[in-house]
Amino acid sequence: MPPLQEPWRPELNWTTPAGRVLDELVKALPTTAPWKIIVFGSSPLQLSIDPSFLSADVDVIPSADIEDYCRRAKLLKGQAAVYIDPCAPAAFTASADWPVRAYEARRGHVTFVLPHPIDILVSKIKRLEEKDLQAFRVVRAKTGHPTEEELLQALRRVVDVYRPSFDEEAGGDPRHNTVLLWRELFNKPISVAQQIIGPALAERRRNYGPQGHELRDALRKVT
């Protein structure tokens, strides 16, 4: 896996369950226009790092509505063992520069955009269920990444995940999850306030001057 600042250039295995259902999606979409679809969640890891890392859902963010096409092709949940799950853009939490590192794979008239593994992993920090922890274990076992410093840098880039959630959000506790993750991966404690939030805000002040006080005040509530 390349460093955070470098683009990702994986070799994809399209014979995996995720690869096969994505190819079925290509067949289901009309050829009258090009399509661009972000593939996130566990599927890019299955396609590129470990084909045995299985998941029933293939999370996608399409450039236009694909649900009717998926339904007709019987690719939705309840219609297939491995199914396409069309999601809203907000479902993928990543830093603003994640497209710079992403890999684009063309399959017929469809371009699939696969985020860098570090962005996929970081997007899991709010929920961090057992399968999300397993994603970290798989990537670390297969690639040796992310290192502690790489993960610190990546989490500083998405520091907004440590903001207090809106009341209607059903997210987890990213601060608590980060502490659990550090024990799991590095067998050591971490101070989210000192090692992630503080440096991220200092960097923001360097870049934007005195602006960003609203974010600072909001993040103080979780420190």
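The following paragraphs examine the structure supplied in this document. (Residues numbered from 1 in each chain as written. Predicted model: local features only at pLDDT ≥ 70, side-chain atom pairs only at ≥ 80, totals over all residues. Heavy atoms only, no water.)

The next point concerns unusual backbone geometry. Residue histidine 145 is joined to proline 146 through a cis peptide bond whose omega torsion reads 0 degrees. A positive phi angle, near 50 degrees, is found at leucine 128, a position not held by glycine. Within the fold, leucine 128 resides in the loop between α5 (117–122) and α6 (130–143). Leucine 128 gets classed as buried once you look at its relative accessible area, which sits at 10%. The backbone of asparagine 187 sits at a positive phi, close to 55 degrees, despite the residue not being glycine. Judged by its relative accessible area of 70%, asparagine 187 falls in the exposed class. (Helix = DSSP H or I, 4+ residues; strand = E, 2+ residues; numbered from the N terminus. Buried < 20%, exposed > 50% of the residue type's maximum accessible area, 1.4 Å probe, protein only.)

Pairing is mixed in the open sheet, where five strands are placed in the order β3-β2-β1-β5-β4. What marks the edges here is a single partner per strand, and that holds for β3 (83–86) and β4 (103–107). Taking each pair of neighbouring strands and ignoring which way they run, the sheet shows an average axis angle of 35 degrees. As defined by bridge partners, strand β2 (residues 57–62) adjoins β3 across four bridges and the pair is classed as parallel. (Pairing = 2+ DSSP bridges. Axes fitted to C-alpha atoms, helices over the stretch in contact; angles between N-to-C directions.)

Our next topic: the pairing of β4. Summarising the sheet, β4 and strand β5 (residues 110–114) pair through five bridges and their orientation is antiparallel. Counterpart to arginine 107 in the pairing with β5 is valine 110.

Let us now look at the pattern of salt bridges. Applying the stated criterion across every chain yields a total of 16 salt bridges. The shortest N-O distance in the salt bridge between aspartate 23 and arginine 107 comes to 2.7 Å. A residue pair is termed long-range when its members are at least 10 positions apart, and aspartate 23 in helix α1 (residues 17–28) and arginine 107 in strand β4 qualify at 84 residues. A single salt-bridge network, built from bridges that share partners, covers Asp97, Arg101, Asp119 and Arg157. (Salt bridge = Lys/Arg side-chain N within 4 Å of Asp/Glu carboxyl O.)

Let us now look at the side chain of lysine 124. When you line up the elements, lysine 124 lands in the loop between α5 and α6. Looking at lysine 124, the relative accessible area reads 6%, which means it is buried. Those residues in contact with lysine 124, other than ones at most four positions away along the chain, are Gly41, Ser42, Asp132 and Ala135. (Contact = heavy atoms within 4.5 Å.)

Bringing the environment of threonine 143 into the picture now. Note on placement: threonine 143 falls in helix α6. With a relative accessible area of 24%, threonine 143 lands in the partly exposed category. Along the chain, threonine 143 and isoleucine 49 lie 94 residues apart, while their C-alpha atoms are 8.1 Å from each other. Reaching out from threonine 143, the side chain makes a polar contact with the backbone oxygen of valine 139 at a distance of 2.6 Å. For threonine 143, the side chain forms a polar contact with the main-chain nitrogen of histidine 145, separated by 3.1 Å. (Polar contact = N/O pair within 3.5 Å; in protein donor to acceptor, adjacent residues only side chain to side chain.)

This brings us to the packing of helix α7 (residues 148–157) against helix α9 (residues 192–208). Put simply, α7 and α9 touch, their axes get as near as 9 Å, and they point 50 degrees apart. If you check the angle between α7 and α9, you find them oblique. Two packed elements cross with a definite hand, and for α7 against α9 that hand is right-handed. Of the residues in α9, those touching α7 at Glu148, Leu152, Leu155 and Arg156 are Gln195, Ile196, Pro199 and Ala200. Of the residues belonging to the contact of α7 with α9, the class tally is five nonpolar, one polar and two charged. (Parallel < 35°, antiparallel > 145°, perpendicular 65-115°, else oblique. Left-handed = near helix turned anticlockwise from the far one by under 90°. Nonpolar A, V, L, I, M, F, W, Y, C, P; charged D, E, K, R; others polar.)

By themselves, these figures tell us nothing about what the structure is for.
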